[in-house]
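Residues per chain are reported as follows:
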Amino acid sequence: MTKHASLIAGTFALLATTALPALADTEITFLACGDKMQPAHADFIKKWEEANAGYKIVSEVVGWGQCQDKVTTLAASGTPVALAYVGSRTLKEFADNELIVPIPFTDEEKKSYYPFIMDTVTTSGKQWGVPVAFSTKSLYWNKALFKEAGLDPEKPPQTWAEELEYAKIIKKKTGTAGFGVVAKTFDNTMHQFLHWVYTNNGSVIDASGNITFDSKENLEALTALKDIVPYAEEGPTSYEQNEVRAIFLDGKLGMIHASVGAVNRLKETKIDWGVAPLPLGPSAKGPGTLLITDSLAVFSGTGVEEKAIEFAKFLTNAENQPIYEAQEGLTPLRPGKAVDDMVAANPYWKPFIDGISFGGPEPLFTDYKGLQNTMIEMVQSVVTGKAEPADALKKAAADLEQYK
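Since we're looking at a predicted model, the values are computed, not measured.

A. The state of the cysteines, seen in detail. Scanning all chains against the criterion turns up 1 disulfide. Each disulfide pairs two cysteine sulfurs, and for cysteine 33 the partner residue is cysteine 67, the sulfurs being separated by 1.9 Å. Across the S-S bond linking cysteine 33 and cysteine 67, the dihedral sits near -75°, which makes this disulfide left-handed. In this pair, cysteine 33 is assigned in strand S1 (residues 26–33) and cysteine 67 in helix H3 (residues 64–76), connecting sequence segments 34 residues apart. You can call cysteine 33 buried: its relative accessible area is 9%. Take cysteine 67: its relative accessible area is 0%, and that puts it in the buried class.

B. The arrangement of the sheet that holds strand S8 (residues 177–179) in detail. Across the sheet, 4 strands lie side by side as S8-S9-S7-S10; this open sheet has mixed pairing. Looking along the sheet, the strands with just one partner apiece sit at the ends: S8 and strand S10 (273–276). Averaged over all adjacent pairs, the angle separating strand axes in this sheet is 25°, with direction ignored. Bridge analysis of S8 against strand S9 (residues 253–258) gives 2 bridges, and the strand direction is parallel. Counted as the bridge partner of phenylalanine 179 is methionine 255 from S9. Sheet strands touched by helix H7 (residues 160–174): strand S7 (138–142), S8 and S9. Its angle to S8, the strand with the most contacts, is close to 165°.

C. How the structure looks around the nonpolar core. Membership of the largest hydrophobic core comes to 56 residues, with the highest contact counts inside it found for Phe30, Ile100, Leu296, Phe299 and Phe311. Setting aside residues no more than four positions away along its own chain, phenylalanine 30 makes contact with Met37, Ile45, Ile57, Val58, Ser59, Glu60, Leu83, Tyr85, Leu296, Phe311 and Leu315. Within the second largest apolar cluster, 49 residues are counted, among which are Ile228, Leu371, Met375 and Val382.

D. Layout of the domain arrangement of the chain. Domain annotation of the chain identifies domain 1 (26–135 + 292–360) and domain 2 (138–288 + 365–401). The distance between the C-alpha centroids of domain 1 and domain 2 comes to 28 Å. In this assembly, 17 residues from domain 1 lie in contact with 20 residues from domain 2. Both sides of the domain 1 and domain 2 interface together cover about 1700 Å² of buried area, and 65% of this is carbon and sulfur.

E. How the structure looks around the packing of helix H9 (residues 216–228) against helix H17 (residues 389–400). For the pair H9 and H17, interaxial distance at closest approach is 9 Å and the crossing angle is 130°. Between H9 and H17, the angle is such that the two are oblique. The way H9 lies across H17 gives a crossing that is right-handed. Of H17, the residues touching H9 (which contributes Asn218, Leu219, Leu222, Thr223 and Lys226) are Pro389, Ala390, Ala392 and Leu393.

Calculation criteria
Residues numbered from 1 in each chain as written. Predicted model: local features only at pLDDT ≥ 70, side-chain atom pairs only at ≥ 80, totals over all residues. Heavy atoms only, no water. Disulfide = S-S within 2.5 Å. Helix = DSSP H or I, 4+ residues; strand = E, 2+ residues; numbered from the N terminus. Buried < 20%, exposed > 50% of the residue type's maximum accessible area, 1.4 Å probe, protein only. Pairing = 2+ DSSP bridges. Axes fitted to C-alpha atoms, helices over the stretch in contact; angles between N-to-C directions. Contact = heavy atoms within 4.5 Å. Core = buried A, V, L, I, M, F, W, Y, C linked by side-chain atoms within 4.5 Å. Domains from an automatic or database assignment. Buried area = accessible area lost by both parts, 1.4 Å probe. Parallel < 35°, antiparallel > 145°, perpendicular 65-115°, else oblique. Left-handed = near helix turned anticlockwise from the far one by under 90°.

Here is the structure:
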């Protein structure tokens, strides 16, 4: 046997008797927003790893206040996480800066969602996130205050005109504010105004990127908001939506617009309350609401983009998503038997589902904060009487051009 042959034989013998170190799993980093990883998602992660040998989900949970900033900072610095929970409003900015990859959806997948859901993650004809959480709004009313004001406690307003009239009557007859106006320097001031826009067939920007904000429908919306201010709580610019909700929970507001999250808090009070679809404006074509989604965005440059997309779709598939939604109390993303059963068991869900039919998405702009600040400034200028609705709307529409 030659020297080289002896060396090779010895090497194979050594390999045969020595345990080789196991190859490390490929990591898919996942940044989730919140106080903790939700039980449903923790369970789904384990199931996905079991079905995908060689891959490990490395998750980190970051509080809501810091989550978006951390995702953005990591991506901009060239050290992105593979997958992150983001507000869908950020997707256009991420996409335009080539920080995330488009998500392929089949026509069948798109059709499985409620109408307009996919619009919340679509820009330039592509989808840039996988919807993971969904919120809609409805009208809550205090039945005791309605009765005290001489109104039928079982008949909430169905139109803006009725909403204004009821707020006026409640204020006059009971001395209590009839409606909660949200106008603080906070993101949900824009959201609350968009409830009026989307219950009157209005829009902010079209699919081609044209600003459509200065319209008859939106002028009607801003005028209606101005008209109801005298019958709202004192100093609306001091209140964001959760603070307005707190006043309602104290029994000191006749009506508010809020998400289904208010239900659990109302159950802990002695208030006799009801929930109904948002009242409609004069140009409405049907029940509407603002459609807000959060999404799972897949960041570029990690080398695991395809597996991250697979994982994101697994988390949110038609089997897993309803489990997560039930735990979190979220408006369902897809219709189906689970939703029918939920509405049958808890009828208060119905208006939150019905409003989707003619709802509108949170607008996607390259500079979301610019959009938000423009809308807040417009609302505050009208609520405080510093500007007339037509002038404020025209100025806001012009200002939005720089952020689209």
